[in-house]
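# Close look at the chain arrangement
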Amino acid sequence: MEEQKLISQKKPAFPINDKLYAYLSEYNRNIKIPVFYDDLLRFAGAIEVYDKNGEDTLWIRVYYPEHERDEIDLSLKRMYLILHGDGSEDSLSFLTVDAIDYCTFGNSKPFRIKIRNVLNDNHTYLYIKKADASRVYGLELEHILSPNNINFLVYKDTLIEEHVLGIPGDQFLAENLKTVSIRGKKRLSKEFVKFNERCMIRLLGDMRAYNYVIVASYDFDQVEYRIRAMDFDQQSFEGNLKVYFPQFFKENYPFVKMVEENLQKESIEQYKKEERSAIARRLRGSHERISDLLDCMVHDKISTPKKIEQLKMDLVKYTSDKNFKKCTSMGEILKVAFAFVTRNYENVNTYIIR
């Protein structure tokens, strides 16, 4: 188990350049929204938010001067309708803002907005963050290359994200793992192997247990599990390849141990190959969109020359693909990585009619 400190410095925020804005406009991600991140920073005070066990959640519940609260609430309800519908305000009177929480922990310092439908008492969350190019690339790659679609919008320097449903990994390990059956642990082990492989291939780093969620789905004869990333700050930034493997973070050791206890080496290799083949199919099915996104990344600065040099040499060693040596940006590294996956795993199924 790797115990060295994998991430040694805080990642800076990278601005969204004109080329990426054009991409976001092309794919309906860049849209005029009624509230900015900086608007929400004008809160007058706050109280700490505790969980059901009385522990500090690191979120604070903020409140605003009375003369601003109505305007902020109206803007947030409109934002919800734009994110989850067509922006029509027919349902505006049915919505209420139950809470606005702010988190000072982590890079993105998000606001979490709880929106409730007063007619049926159903509620959901949305997140408002400072826009960062790394995070936008991470969200887009998640949408295209993972089994999960994800909805988000960008306007100038503000990013709006939908809530990712599930139990945070650290909470699942502390409270839920003990109730999982032996068969369930085998399925969860399979999913962790696939999640580990998926993060590495698309270079999503820092998937410690509190940065992803566990989703349980009930089939007619069993419970299936899926692991979903919910933090995309560390997309293609670090130089150490191990950062992109969830298995190397000590917070994930219980999952690593579970894999060792429940899966044979042959099964682990099978599931890795399944995930690589699935990503190769998604790359082929979204070829134009991926090409446009990678073109933005190739011409963007979202890391440092030292980290780029380290990562490409780590990948040469890991894959034996010398094409990584020519890369001068994180975008080029991903381009070579996706070409490698497509070349080696797209055609493994000999029964596909071509």
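The structure this text deals with has already been given above.
In this text, all values refer to a predicted model and were calculated from it rather than measured experimentally.

Rules of the game
- Residue positions are given per chain, counted from 1 along the sequence in the order it is written.
- Local features in a predicted model are, by the rule used here, given only for residues with pLDDT of at least 70; side-chain atom pairs are given and counted only at 80 or more, and totals for whole chains, interfaces and linings are based on all residues.
- Processing note: side-chain calculations cover all non-hydrogen atoms of the structure and skip hydrogens and water entirely.
- Two strands make a pair as long as DSSP finds a minimum of two bridges between them.
- Put simply, DSSP H or I for four residues or longer makes a helix, DSSP E for two residues or longer makes a strand, and each gets a number counted from the N terminus.
- Every axis corresponds to a line fitted to the C-alpha atoms, with the helix fit spanning only the stretch in contact, and the corresponding angles, defined between N-to-C directions, vary from 0 to 180 degrees.
- Residue contacts follow a heavy-atom distance rule, with two residues in contact if any of their heavy atoms lie within 4.5 Å.
- Surface patches are defined over residues having more than 30% relative accessible area and no salt bridge, joining like charges when they lie within 9 Å and nonpolar side chains (Val, Leu, Ile, Met, Phe, Trp, Tyr) when within 5 Å.
- Residue-level accessible areas treat just the shown protein chains as cover; the underlying method is Shrake-Rupley with a 1.4 Å probe.
- Should a side-chain nitrogen of Lys or Arg be within 4 Å of a carboxyl oxygen of Asp or Glu, the pair is scored as a salt bridge.
- None of His or the chain ends enter the tally, which takes Lys and Arg as positive and Asp and Glu as negative.
- In this description, the location of a charge corresponds to atom NZ of lysine, CZ of arginine, CG of aspartate or CD of glutamate.
- Only protein chains enter the accessibility calculation, which uses a 1.4 Å probe; a residue whose area is less than 20% of its type maximum is buried, one above 50% is exposed, and one in between is partly exposed.
- For Phe, Tyr and Trp, where Trp contributes only its six-membered ring, two rings pair if their centres lie within 6.5 Å, and the inter-plane angle classes them as stacked under 30 degrees, edge-to-face over 60, or tilted in between.
- Any Lys NZ or Arg CZ that is within 6 Å of a ring centre and within 35 degrees of that ring's normal is treated as a charge sitting over the ring.
- By construction, the arc corresponds to the directions joining the helix axis to the C-beta atoms.

### Some thoughts on the sheet that holds strand S6 (residues 152–155)
Picture the strands of a sheet paired through backbone hydrogen bonds; they go either parallel or antiparallel. With antiparallel pairing, the seven strands of this open sheet are ordered in space as S1-S2-S3-S4-S5-S7-S6. A single partner strand is all that each edge strand has here, and the edge strands are strand S1 (45–50) and S6. Across the sheet, the mean angle from the axis of one strand to that of its neighbour is 30°, orientation sign disregarded. With five bridges joining them, S1 and strand S2 (residues 56–63) adopt antiparallel strand pairing. Each bridged residue has a counterpart across the sheet, and for glutamate 48 the counterpart in S2 is isoleucine 60. The sheet contacts of helix H3 (residues 66–84) involve S2, strand S3 (95–103), strand S4 (111–117), strand S5 (123–130), S6 and strand S7 (158–162), and relative to S3 the element is tilted by about 95°.

### Brief notes about the sheet that holds strand S8 (residues 167–168)
Spatially, three strands are ordered S8-S9-S10 in an open sheet, and the strand pairing comes out antiparallel. Among the strands making up the open sheet, the edge pair consists of S8 and strand S10 (223–229). Alignment of S8 against strand S9 (residues 212–218), held across two bridges, turns out to be antiparallel. Directly across from isoleucine 167, in S9, lies its bridge partner isoleucine 214.

### Considerations on a negative patch on the surface
Where like charges cluster on the molecular surface, the negative patch consists of Glu48, Asp51, Glu55 and Asp56. Its relative accessible area of 33% is what places aspartate 51 among the partly exposed residues.

### Re a nonpolar patch on the surface
Residues Phe94, Val118 and Leu119 make up a contiguous nonpolar surface patch of about 270 Å² in total accessible area. Relative to the helices and strands, valine 118 resides in the loop between S4 and S5. Here valine 118 falls in the partly exposed class, since its relative accessible area comes to 43%.

### Re the packing of aromatic side chains
As enumerated under the stated definition, the model contains 15 aromatic pairs in all. Through a chain of ring-to-ring contacts, the aromatic side chains of Tyr37, Phe43, Tyr64, Tyr102 and Phe111 assemble into a single cluster. Sitting above the plane of the phenylalanine 237 ring, lysine 11 keeps its charged end 6.0 Å from the centroid. Directly above the ring of tryptophan 59 sits arginine 112, whose terminal nitrogen or CZ lies 4.1 Å from the centroid.

### Quick look at the pairing of S2
Hairpin remark: S1 followed by S2, antiparallel, with five residues in the connecting loop; positive phi at glycine 54, about 80°. Here S2 runs beside S3; their pairing, made up of three bridges, is antiparallel. Bridging from a neighbouring strand, tryptophan 59 pairs with cysteine 103 of S3.

### Things to note about helix H7 (residues 253–262)
The complete set of buried residues in H7 reads Phe255, Val256, Met258, Val259 and Asn262. What you see down the axis of H7 is that its buried residues fit within an arc of 160°, all on one side. The exposed set on the far side of H7, more than 90 degrees from its buried face, consists of Glu260 and Glu261. Where H7 is buried, its residues touch helix H5 (169–176), helix H6 (182–201), S9 and helix H8 (265–285).

On their own, these measurements won't tell you what the molecule is for.
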